[in-house]
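Examination of the molecular architecture
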Amino acid sequence: MLYVLAVGTGLLALLPIITCAAADPFAVEVPLDPDGIQRAVVEADSYEFSPRHLVVRAGKPVELTVRSVTVLVPHNVVIDDPQSGLAIKEEIPAGQTVKVTFTPTVPGSFAIYCDKKLLFFKSHREKGMEGILEVR
Ligand SMILES: [Cu+2]
């Protein structure tokens, strides 16, 4: 009995270390609303999305409310992985809010980014406007 307790507490003590090492401190688990939809609000600024790492579960619809806080710069939100059923491209005019809905079916980590680019300048994605959609 004592032995089991000792081993048990030893494992429990290790657990946070193991999970912390793998976890992104900026990852946000999107809550599942009572109506079965996973809803999150994402802020689009020049040049980042916040939060930048969303965790959702497969098989349930996702509704992202993407709110632009820029005055002039237009952005968009792109998730381009047709093999996983994700082919999203929504324009987000400056200062506007758009809703993006989809149902992820394939677990994995997918880039969520803005592909806007002005002339010969770097794309917004290259400037850091990229995050992660993690489907579990
Ligand atoms: Cu952009």
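Only a predicted model underlies this, so the values are computations on that prediction, with no experimental measurement involved.

**Quick look at the overall build of the chain**
- For the chain, the count of helices and strands is 1 helix and 10 strands.
- The secondary structure elements of the chain, listed N-terminal to C-terminal, are α-β-β-β-β-β-β-β-β-β-β.
- Scored against the burial criterion, the 136 residues of the chain give a buried share of 21%.
- Residue pairs in contact within the chain that sit at least 24 positions apart in sequence constitute 62% of those at least 6 positions apart.

**A short note on the nonpolar core**
- Ranked by internal contacts, the top residues of the largest apolar core, which has 19 residues, are Val56, Val66, Ile112 and Leu133.
- When residues of this core are traced back to their parent elements, those giving at least two are strand S2 (38-45), strand S4 (53-56), strand S5 (62-68), strand S6 (75-81), strand S7 (86-92), strand S9 (108-113) and strand S10 (130-135).
- Residue contributions to this core peak at 3 residues, all from S5.
- Residues in contact with Val66, not counting those within four places in the same chain, are Val42, Ala44, Val77, Ile92, Thr97, Val98 and Val100.

**Some points on the sheet that holds strand S8 (residues 97-102)**
- Taken in spatial order, the 4 strands of this open sheet run S3-S2-S5-S8, and their pairing is mixed. Since the sheet does not close on itself, it has two edges, and those belong to strand S3 (48-50) and S8, each with one partner. Sheet twist, expressed as the mean angle between neighbouring strand axes with direction ignored, is 25°.
- As defined by bridge partners, S2 adjoins S5 across 7 bridges and the pair is classed as parallel.

**Focus: the environment of Gly59**
- Structurally, Gly59 can be placed in the loop between S4 and S5.
- When the C-alpha atoms of Gly59 and Thr103 are compared, they prove to be 6.2 Å apart, with 44 residues separating the residues in sequence.

**Overview of the environment of Ala40**
- On the secondary structure map, Ala40 appears in strand S2.
- In contact with Ala40, other than residues within four places in its own chain, are Val28, Val30, Leu54 and Leu64.

**What to know about the environment of Val62**
- Here Val62 lies in strand S5.
- Classification of Val62 by C-beta neighbours within 10 Å gives buried; the count is 20.
- Once the C-alpha coordinates of Val62 and Pro31 are considered, the two residues, 31 residues apart in sequence, prove to be 9.8 Å apart.
- Look past the residues within four positions of Val62 in its chain and what remains in contact with it is Val30, Gln38, Val56, Thr101, Phe102, Thr103 and Pro104.

**Structural notes on the confidence of the model for the chain**
- With 84% of its residues at a pLDDT of 70 or more, the chain shows a mean pLDDT of 89.
- Low pLDDT, under 50, characterises residues 1-21; the predicted model gives this stretch 0 contacts beyond four residues in sequence or across chains.

Parameters and conventions
Residues numbered from 1 in each chain as written. Predicted model: local features only at pLDDT ≥ 70, side-chain atom pairs only at ≥ 80, totals over all residues. Helix = DSSP H or I, 4+ residues; strand = E, 2+ residues; numbered from the N terminus. Buried ≥ 20, exposed ≤ 12 C-beta atoms within 10 Å, placed from the backbone. Contact = placed C-beta atoms within 7 Å. Core = buried A, V, L, I, M, F, W, Y, C linked by C-beta atoms within 7 Å. Pairing = 2+ DSSP bridges. Axes fitted to C-alpha atoms, helices over the stretch in contact; angles between N-to-C directions. pLDDT = per-residue confidence, 0-100.

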